[in-house]
Every structure is written in C-alpha cells, then in structure tokens.
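# Structure assessment
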Amino acid sequence: MKNKIFSLFVILLASLVVSACSSSEGASGEKEKAGDTIDIRLSGQSPDDHPSTQALYKFAKQVKEKTEGRINVKVYPANQLGDYTTVYKEIGRGTLDMALISLPGELDDRLRLNFVPYLVKDYKDIDSVIGTDSYVFNKLQEVNNEQGVQLLGFHANGFGGIGTTKEMTNLLDLGEDKGLLLRVPPDDVFRQPMVDIGFRTVTIPYADLYTSLQTGAADGWSGGEASLNYLGYRDVIKYYYQTNDFFNADALIINKSLLDGLNEEDRKLIEELSKEMMAESIETSESYDKEYMEKLKEEGITVVEFSEEEVNKLAEYVRENTWPKLKERLGDDIIDELLKE
C-alpha cells in the first residue's frame, strides 16, 4: 500500500513540475501566447533619484500602459540585484531579465568598445557613433549575443573630464609631462590615453579615491563626468577640466531568449521605447553637464572648458597614438574599422 501511495506521489510531483515548466516557457525562448502575462525584473546601478533610474521608471510605466498590463516591468535601482558584472552574467543565463548597466569589460575586452577614448567628441556625434545603426552598436550587439544578451540601446550620462587638486597649465602640450599623478580605472581603455597625453597614472580602488585625493596619494582622477566630480569630490578637487575624453553611457540590455520569445508587437514596443529612452537621455545629459559645471563653479572650483578646435586636437592625438595600442585588447579588426570612420 505504501509503495502505491509513494508512486502516486511521484506521479503527482512530476505533473506539477511539468506544469510549472510550461507556465514559464515564455521566458525561456518559447513564443509568447496571446493573453500571457509577463513579469520582467529590470536592474539598475544608479541611485533612485538619478536621471537614468527615473528613465527606467518611465520605461516601465509606458510598457505597462501600452500592453494594458500584460507586461509588468519592476525596476530595482542602486545595484539591489548585484553589481554590473554579476547582473550581466545573470541576464546571459536568463535568471535575470533586463538591466541598465555598464558593460563588463572584465568578461570580454570588446565590451569596453563604447568607452574607447575620443570615440565620441561631442553631442552632435552620439547618434552616428553609438546609435542603433552605427558600427559600434552592431559590433557590441554581436559580442553581447555571444553571451545570450541583446543590446537595446544606451542611456547617456555625460562626457568625461579630469578633476584635480592642483592646477594644470600644459594639458594641450600633448605628450609632455603634466606633473600630476592621475588615478585611472584599471583598464587600458582609460589608462593608455592619459599616459600618452603625458600623465603619470596610478590605479586606486574607486572606493578609496576620495581619501587618495585628500591625502595626496593622487593629484587628480579621470573617469567621471561633471556630475560625478560635483556629487563625490567637490570637497577635495580644486580644478575640473572638461576634456570629453570619453562618453559615459550605460547599456540597456535584455536576455536574448526572452526578447526573441515575445510576439512581434511586444518586441517592437520594447525596442521602440528603448530608442526613445536613448534620445531623451542625450538631451538630459547635455543639460546635466552644463548644470553641474555651473555647480562646480559655485563651489569655488575652477572649471576649464575647451574649444571645439582644442577638443579636436586632443582627439586626433589620442586616435593616432593610443588607438593602435588598443588593438591587443580590442582586436585589429575593431580598431582598423574605427580608424576608417
């Protein structure tokens, strides 16, 4: 009798497992069926009040409204679901759905492509250089697809600059020693252009950057836009140089199987709203750059801006001297293609 009861229990358990699997088929690559309700977890890395997080809330609201509640997107800001590297891996596996994060070059050097120095020189260049029809976007799409990830677009955060505790008078004397020890992120895409321009560099964990600037372990740092210099370091820096050496943009990504499993209408909706988010972010970040440069000035920090001609001088020097050195990390084909542009 006990064996019969046990057998019936096993059969019942198996049927429940099959039922559970079939109810989640939409997220594992099966086509979405009419009337299906889909819950999507969207991870963000910025604080709740940051413009990129507010853009995610708007995106989630639009998706829900336009699908009449069939697709529910829940936003988890401020790395609640893990740091960007962890989140990226989870999206590739399908255990997370979407994210707006930095692409992790730690997993594949080519994922740093959008951070190549002077890839984008000003706001007029953004759409043609990293928009959805660009070489950069399509190459990144190819690399992301290898990881089971689909790139939907970018959210613009602003152009990078250099914050320092000491004055620098010879920035445009390219290749000459600047007399400053600059903290750079631990990646050649960020380090090499600063070395070529003439800085001595040091790699310090980002968490220790404030103390390093305060104690003189570093004279300045690169890797942040005006807003980051204001929000994090206005008490320790005395100068900010708007060099536009890189363009900071987070990637909006989704598990590829999940996107492919949506019906055509829902897939197009997600893609179109993603493009709208990117377009709006470009306008927001441009005004944000200007706003925070003014705030830096109000704090008594000297802000140095450069003319278009001067930015072009920096860009041409870095493209000629730095880009070939990045071939080992990014591949000959990528750098050769960028040099053609």
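Each remark here, short or long, concerns the structure printed above.
Quick caveat, the model's predicted, so the values are computed rather than measured.

## Notes on the overall build of the protein
When its secondary structure is counted, the protein shows 13 helices and 10 strands. When each of the 341 residues of the protein is scored for burial, the buried share is 50%. Residue pairs in contact within the protein that sit at least 24 positions apart in sequence constitute 72% of those at least 6 positions apart. With the model as given, the accessible surface of the protein reaches about 16,200 Å², and the carbon-plus-sulfur share is 48%.

## Things to note about the packing of aromatic side chains
Evaluation of the coordinates by the stated rule reveals 14 aromatic pairs. Ring centres of Y206 and Y233 lie 6.3 Å apart, and the angle between their planes is 85°; on these two criteria the pair is classed as edge-to-face. Taken together, the residues Y206 in the loop between β6 (200-202) and α7 (209-215) and Y233 in helix α8 (residues 226-233) connect sequence positions 27 residues apart. What makes Y233 buried here is its relative accessible area of 5%. Here the aromatic residues Y206, Y210, W221 and Y233 are joined through ring pairs into a cluster of three or more. The ring centre of Y76 lies 5.4 Å from the NZ or CZ of K74, which sits over that ring. Over the ring of Y230 we find R234; its NZ or CZ atom is 4.4 Å from the centre of that ring.

## Concerning the nonpolar core
Core analysis: the largest hydrophobic core is formed by 55 residues, its most contacted members being I130, F154, F199, F247, I253 and L338. Here this core gets six residues from one element, more than from any other, and that element is strand β4 (residues 149-164). What F154 contacts, discounting residues up to four positions off in sequence, is N114, I130, F137, L140, A249, D250, A251, M278 and S281. If you look at the next biggest cluster of nonpolar residues, it comprises 23 residues, including I40, L42, I254 and L259.

Here is what the cut-offs are and how they apply
Residues numbered from 1 in each chain as written. Predicted model: local features only at pLDDT ≥ 70, side-chain atom pairs only at ≥ 80, totals over all residues. Heavy atoms only, no water. Helix = DSSP H or I, 4+ residues; strand = E, 2+ residues; numbered from the N terminus. Buried < 20%, exposed > 50% of the residue type's maximum accessible area, 1.4 Å probe, protein only. Contact = heavy atoms within 4.5 Å. Areas by Shrake-Rupley, 256 points an atom, 1.4 Å probe, with all protein chains shown as cover. Phe/Tyr/Trp six-rings, centres within 6.5 Å; stacked < 30°, edge-to-face > 60°. Lys NZ or Arg CZ within 6 Å of the ring centre and 35° of its normal. Core = buried A, V, L, I, M, F, W, Y, C linked by side-chain atoms within 4.5 Å.

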